[in-house]
Amino acid sequence: MTSGWPVFVKCYFGVFNHTGQKITIYKQYRHQFSPNSTDWGFGSFASYNVVCDPANGFLCDDALTVIAKVQIYADFSIFDSKEEISLVGLKNQGATCYLNSLLQTLYHIPYFRRAVYHMPMENISSTRIPLALQHLFYNMQSSNDSVSTTELTESFGWSIYDTYQQRDVQEFNRILCNKLEETMKGTSVEGTIQKLFEGHLRNCIECIGMDYKSTNQERFYDLQLDVRGCMDVYSSLDKYIQVEKLEGDNQYKVENVGFQDARKETRFADFPPILQLHLKRFEYDNTRNLLAKINDRYEFPLELDLDKDDGRYLSSDADRSVRNLYSLYSVLVHSGGANAGHYYAFIRPLLSERWYKFNDECVTRQSLETVLDEQYGGEEEISQKKVGDNETVSFPRHSSAYMLVYVRESDKDTIMCKLDDEDIIELLKENDRKQREREEVHFLRNIKENDWKQRDREEVDILKKIKDTMEEQENYLKQRHRKEVSPYTNIKVVCDTHLQTQIGKDVIFDLVDFDKVNTINFKNSMPLSQIKDHFAKEFFIPTNCQRIWIWSKRKNNTWRPRKALTSVDEVLTIGDLKHYSGGSEVRLFLEKQNVQEEQITFSPSAIAREVILLFFKLYDPNEKGLRYIGKQHVKQDSRPMEDLDKFKEMAGLETGEEVVLNEERSFIPKVQCVQVNILKTYKENELQDGDIICLQRSVMEDDKDELHSIEKYFHHVKYYKDVHFRKLDNPEKDVACLELNTLITYDELVRVLVSHLKLDDLSKIRFTPHNVFTEQPGDQPIKRLSVESLKEMLLYHNQMSNILYYEILDMPLSELEKLKVIKVSFYNSKVQEVSSNTITLHHECTVNDVMGHIREKVEMSDQQAELRILQIIGHKIWKILSPNDKIKYMVSQHATFRSQCVTFRAEEIPEEERSKGPEDCVIHVHHFRQDQNNNIENFGEPFLFLTRSGETLGQLKQRVKKKLQVPDHQFSEFKFASVHLSQPAYLNDDDDVNLFKRQAIYGPWEFYLGLQHDDIV
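Residues numbered from 1 in each chain as written. Predicted model: local features only at pLDDT ≥ 70, side-chain atom pairs only at ≥ 80, totals over all residues. Heavy atoms only, no water.

**Here's the deal with the packing of helix α4 (residues 110-117) against helix α5 (residues 129-142)**
The packing of two helices is summarised by the inter-axis angle and the distance between the axes.
Here is step 1: For the pair α4 and α5, the least separation of the axes is 9 Å and the interaxial angle reads 125°. In terms of orientation, α4 lies oblique with respect to α5. For α4 against α5, the interelement crossing comes out left-handed. Judged by residue contacts, Phe112, Arg113, Val116 and Tyr117 of α4 engage Leu133, Gln134, Phe137, Tyr138 and Gln141 from α5.
Here is step 2: For the contact of α4 with α5, a count of residues per class yields six nonpolar, two polar and one charged. (Axes fitted to C-alpha atoms, helices over the stretch in contact; angles between N-to-C directions. Helix = DSSP H or I, 4+ residues; strand = E, 2+ residues; numbered from the N terminus. Parallel < 35°, antiparallel > 145°, perpendicular 65-115°, else oblique. Left-handed = near helix turned anticlockwise from the far one by under 90°. Contact = heavy atoms within 4.5 Å. Nonpolar A, V, L, I, M, F, W, Y, C, P; charged D, E, K, R; others polar.)

**Considerations on the environment of leucine 785**
Here is step 1: Residue position: leucine 785 is located in the loop between β37 (776-777) and α22 (790-794).
Here is step 2: We classify leucine 785 as exposed; its relative accessible area is 72%.
Here is step 3: Separated by 32 residues in the primary sequence, leucine 785 and glutamate 817 place their C-alpha atoms 9.6 Å from one another. (Buried < 20%, exposed > 50% of the residue type's maximum accessible area, 1.4 Å probe, protein only.)

**Considerations on the packing of helix α3 (residues 97-107) against helix α8 (residues 169-184)**
Here is step 1: Axis separation between α3 and α8 bottoms out at 10 Å; the angle between their running directions is 55°. Taken together, the axes of α3 and α8 lie oblique to each other. In this structure, α3 meets α8 at a crossing whose hand is right-handed. Counted together, Tyr98, Leu99, Ser101, Leu102, Leu103 and Leu106 of α3 and Val169, Phe172, Asn173 and Leu176 of α8 form the full contact between these two elements.
Here is step 2: Here the residues of the contact of α3 with α8 are counted per class, giving eight nonpolar, two polar and no charged.

**Side note on unusual backbone geometry**
Here is step 1: Located in the positive-phi region is aspartate 510, a residue other than glycine, with phi close to 75°.
Here is step 2: In this structure, aspartate 510 sits in the loop between α16 (496-502) and β25 (519-523).
Here is step 3: Positive phi is not limited to glycine here, since valine 831 has a value of about 60°.
Here is step 4: Looking at where valine 831 falls in the secondary structure, it is placed in the loop between β41 (819-827) and β42 (833-842).

**Topic: the pattern of salt bridges**
Here is step 1: With the rule as written, the count across this model stands at 45 salt bridges.
Here is step 2: With a shortest N-O distance of 2.9 Å, arginine 323 and aspartate 305 are connected by a salt bridge. Of this pair, arginine 323 sits in the loop between α11 (308-311) and β17 (325-336) while aspartate 305 sits in strand β16 (residues 303-305), and the two are 18 residues apart along the sequence.
Here is step 3: Residue class for aspartate 305 comes out buried when judged on its relative accessible area of 2%.
Here is step 4: In this structure, the salt-bridge partner of arginine 697 is aspartate 620, at a minimum N-O distance of 3.3 Å. With a gap of 77 residues between them, arginine 697 in strand β33 (residues 692-697) and aspartate 620 in strand β29 (residues 611-620) connect regions that are remote in the sequence.
Here is step 5: Classification of arginine 697 by relative accessible area gives partly exposed; the value is 25%.
Here is step 6: For aspartate 620, a relative accessible area of 7% translates into the label buried.
Here is step 7: Because the salt bridges share partners, they merge into one network encompassing Arg868, Arg905, Glu907, Glu913 and Glu941. (Salt bridge = Lys/Arg side-chain N within 4 Å of Asp/Glu carboxyl O.)

**Some details on the sheet that holds β29**
Here is step 1: Spatial strand order, β30-β29-β33-β31-β32: five strands in an open sheet with mixed pairing. Each having just a single partner strand, β30 (625-635) and β32 (672-675) make up the two edges of the open sheet. The mean inter-strand angle of the sheet, taken between neighbouring strand axes irrespective of direction, is 35°.
Here is step 2: For β29 and β30, the ladder comprises 10 bridges, and the chain directions are antiparallel. Residue phenylalanine 616 lies in a different strand from β30, and its bridge partner there is glycine 630.
Here is step 3: Against the sheet, helix α19 (residues 640-651) contacts β29, β30, β31 (659-666) and β33, and its axis sits at roughly 140° relative to β30. (Pairing = 2+ DSSP bridges.)

**Examining the packing of aromatic side chains**
Here is step 1: The tally for this structure, following the rule as stated, stands at 30 aromatic pairs.
Here is step 2: Pairing tyrosine 343 with tyrosine 402 gives two aromatic rings, centres 5.8 Å apart and planes at 65°, and the pair type is edge-to-face. Of this pair, tyrosine 343 sits in strand β18 (residues 341-347) while tyrosine 402 sits in strand β23 (residues 399-408), placing them 59 residues apart in sequence.
Here is step 3: Of the residues examined, tyrosine 343 reaches a relative accessible area of 4% and is grouped as buried.
Here is step 4: Between phenylalanine 514 and tryptophan 551 the ring centres are 5.2 Å apart and the planes differ by 85°, which places this aromatic pair in the edge-to-face class. One end of the pair, phenylalanine 514, is in the loop between α16 and β25; the other, tryptophan 551, is in strand β26 (residues 546-553), and 37 residues separate them in sequence.
Here is step 5: Among the residues examined, phenylalanine 514 registers a relative accessible area of 6% and is labelled buried.
Here is step 6: When its relative accessible area of 2% is taken as the criterion, tryptophan 551 is described as buried.
Here is step 7: Taken together, the aromatic side chains of Phe509, Tyr619, Phe667, Tyr713 and Phe714 make up a single cluster linked through ring pairs.
Here is step 8: When the ring centre of tyrosine 107 is taken as origin, the NZ or CZ atom of arginine 113, which lies over that ring, is 4.2 Å away. (Phe/Tyr/Trp six-rings, centres within 6.5 Å; stacked < 30°, edge-to-face > 60°. Lys NZ or Arg CZ within 6 Å of the ring centre and 35° of its normal.)

**As for the nonpolar core**
Here is step 1: Grouped together as the largest cluster of nonpolar side chains are 57 residues, with contacts concentrated most on Phe112, Leu136 and Phe137.
Here is step 2: It is α3 that provides the largest number of residues to this core, a total of seven residues.
Here is step 3: Beyond its immediate sequence surroundings of up to four residues, leucine 136 is in contact with Leu90, Leu103, Val147, Ser148, Thr149 and Leu152.
Here is step 4: Core analysis: the next-biggest nonpolar cluster, separate from the first, contains 36 residues, Leu314, Tyr326, Leu372 and Tyr406 among them. (Core = buried A, V, L, I, M, F, W, Y, C linked by side-chain atoms within 4.5 Å.)

**Quick notes on α5**
Here is step 1: For α5, spanning 14 residues, the distance from its first C-alpha to its last is 20 Å, which sits close to the expected 20 Å at 1.5 Å a residue.
Here is step 2: Summarising burial for α5: 11 of the 14 residues are buried, a large majority.
Here is step 3: The complete set of buried residues in α5 reads Ile129, Pro130, Ala132, Leu133, Gln134, His135, Leu136, Phe137, Tyr138, Asn139 and Met140. (Expected span 1.5 Å × (residues − 1).)

**A look at the confidence of the model for the protein**
Here is step 1: This prediction gives the protein a mean pLDDT of 80; 80% of its residues lie at or above 70.
Here is step 2: Considering only residues more than four positions removed or in separate chains, one finds that residues 75-80, a stretch of pLDDT under 50, has 18 contacts.
Here is step 3: With pLDDT under 50 throughout, residues 998-1005 is counted as low confidence; its partners more than four residues away or in other chains account for 24 contacts. (pLDDT = per-residue confidence, 0-100.)

**Describing the environment of methionine 119**
Here is step 1: Topologically, methionine 119 is positioned in the loop between α4 and α5.
Here is step 2: A relative accessible area of 2% places methionine 119 in the buried class.
Here is step 3: Excluding anything up to four places from it in sequence, methionine 119 contacts Pro130, Gln134, Leu180, Thr183, Met184 and Val189.

Rendered as structure tokens:
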């Protein structure tokens, strides 16, 4: 292979079917070429008899049309993933790709990985799974090559046969988490699985005919969301919380009363820090009696806001102080069909901007487009290419997202915490070394003793077992994915009246806002002929004048009429239309045709027609306005020049007036309009059903302004916004209102405002966002370097505002932002606050500099005594700051799973701690009380305390009493407990307090000595 070759290639190969629009025989592959892998191909592609049978539509004029699409990625060059990006892959044992993708997702959650590292092995005797998982994670962290999962699968009790049997990734995830949850019980990491993945649903059943209501709460580790009939995650969640009527055979039974009609409503009591969404990509097809994969297009956002629409997904008693804004962390993908396929994962470690694809042993960087758009499923079109007698062909995407993992923004810093080398205990390293030695000895012994013929016979038996269990596995999946289908479908019908009413007012780009179109509910079994009768009464259009179109969503996120229903389609039912549209509702366009005019013949194949349906708008640069002027059927082989007078007549323009024709192409992510060449045919202009043509009145050269063209007008509508400016110290009154481009930068905005207000100094202006929830200024000012545009400045928790607050500083903003203001309280040896100190330093200064200022401000018992600074969160010690930590990281963050106050405490290190023996241990001591539900609530001032070797609780109590100086009658009410993850285990006076010695890790494991009492200290 020569230098400079692009080496990552994605290829599609298909045989075109001349009887329809779809390619019914296709294959796709991705391959990385290297000096050791210079060619790749299919061992078998298609059945010769199927392809050569003329009845199947592939053979035409004794020839086949083969379609090939090759995409070459120059950025996917082969590299050492460990050296370049510190990541390694996992080896596939046969069919363990589902296991690999899940393990990579769990491994790159540092909080989870730390918990696995700190599972004490001495308490585990009945299972090898935790030890094997520890070894696997350590190998993934330390190895330079891809890592084997053999030890882990053997710990499950799997044979070689089991590794060739592909399982469902969601099912396996639940099994693994259940085993880890059980293993963690009674250890320092008990409750980690629940803390990361557990959310709660609140179910409410209310009877209709009587005063009766029943509620219950259930937990979940993942959510199963419908794909069929849903366009995206939000529409699936809407369906999830949809009120269900319990009537007929499904009535609700009330105790001592009997069956009653009722309504069942489901809402979320809370969401977990890590939200796992399992997409129902498989369902049982009753008509064909087999399991089918749903490969419909299904979109998922990079940022998921579950508080949208005033928290409609939450129950009435949910904690609204928790901000449920999530960032996409991992996408697990299934490639293939219902009975066979391959899994891989896209992950962005630490929620960075870079995505990586973990495909077994291969780890490569990926673009955001690959992670999102290419995993939505649906079809990939090759448009405007002449293939046989048709213009466009579609490749069904072979891969689609199967499981999504989101991380809550407020918990990101905790979940994606930093893992130091100390987190990998020495015992783990030693066990790993011994295990490798045992594996090497075992491997050499097998080579000498095993009979290769016996191995061959075993492999034949394995393959036979795999074949014998395929039917059993398929039956299991059929039962698992079988679901009830709603007997009704929502339909939205759009006609010319909607377009005339909305375009230019509610709608600028595209044709219609479906939210402003009434919904009609029909039974799935209703045929098209009856629907037309209903439309005749509803819209006053006779059935013989109706032509019905189905809307479809294009790749550029626009909705356009795509397929006209013909007389052949009269037998179709609402259910058929719903299946064809692929959404949760059916969207139709009702066209009124004039029966007295020449009828346009609509054949069953839309592409085979000679005419296309176009929609027309008029843009007047002088009036800066847009309006809908009608629609026209035009012949594909004709030229716009021939129809120009007709278009002008529709717009009410003079025949001799000059106009320009532009096609609306896209609005998101960028505005794109393409001028139509009126001398070329509509086909040559690449126009198709549903396209929109904008007639633009011509403007004299001297009269042209910034909105003289339709594209500039669209750009202005999209990006320009009226922004209200208010002074921060007078937040109720507008000082100025300016129409601004939301793409301008922070500095450009400053220049505009300073110029408008005629201020002197550009460098001293600082902006603060508008809190859309409180209608007041936000808590924190906007950092100049943290935003790229005005649009980001107006965005507050994913909600757009049109208000900004400004202030004039006493010093340049660039200098102020480099300063850090820290409030540190100084405590004496009795855990009492002596003074509160506000310190302002450059953000590159360290904790050591802070301690130097503390020494200057407070009176210490000994000026040579050592100081330490503790980070206190929720009345618990979270961290002992290192003297070398930079103060720019000493910020108040959500350091636990719920927002709590973060404070910093400085104190002298006691002499007894500085001179402690090798067997002594410094532990955390926290005050707590229990509410009526026995939930722990911490209060008061936590502290560090030295426990001596061999010391009992009774001896320790006396020293604690002396330190806190609590009177005898109050101290006698104190209860001492060992607290593991908010679960107290009460201690006796003769208990050895050395049980805390093995817990050297401070922080989120919450293992501490608890003092239970009333709030008196």
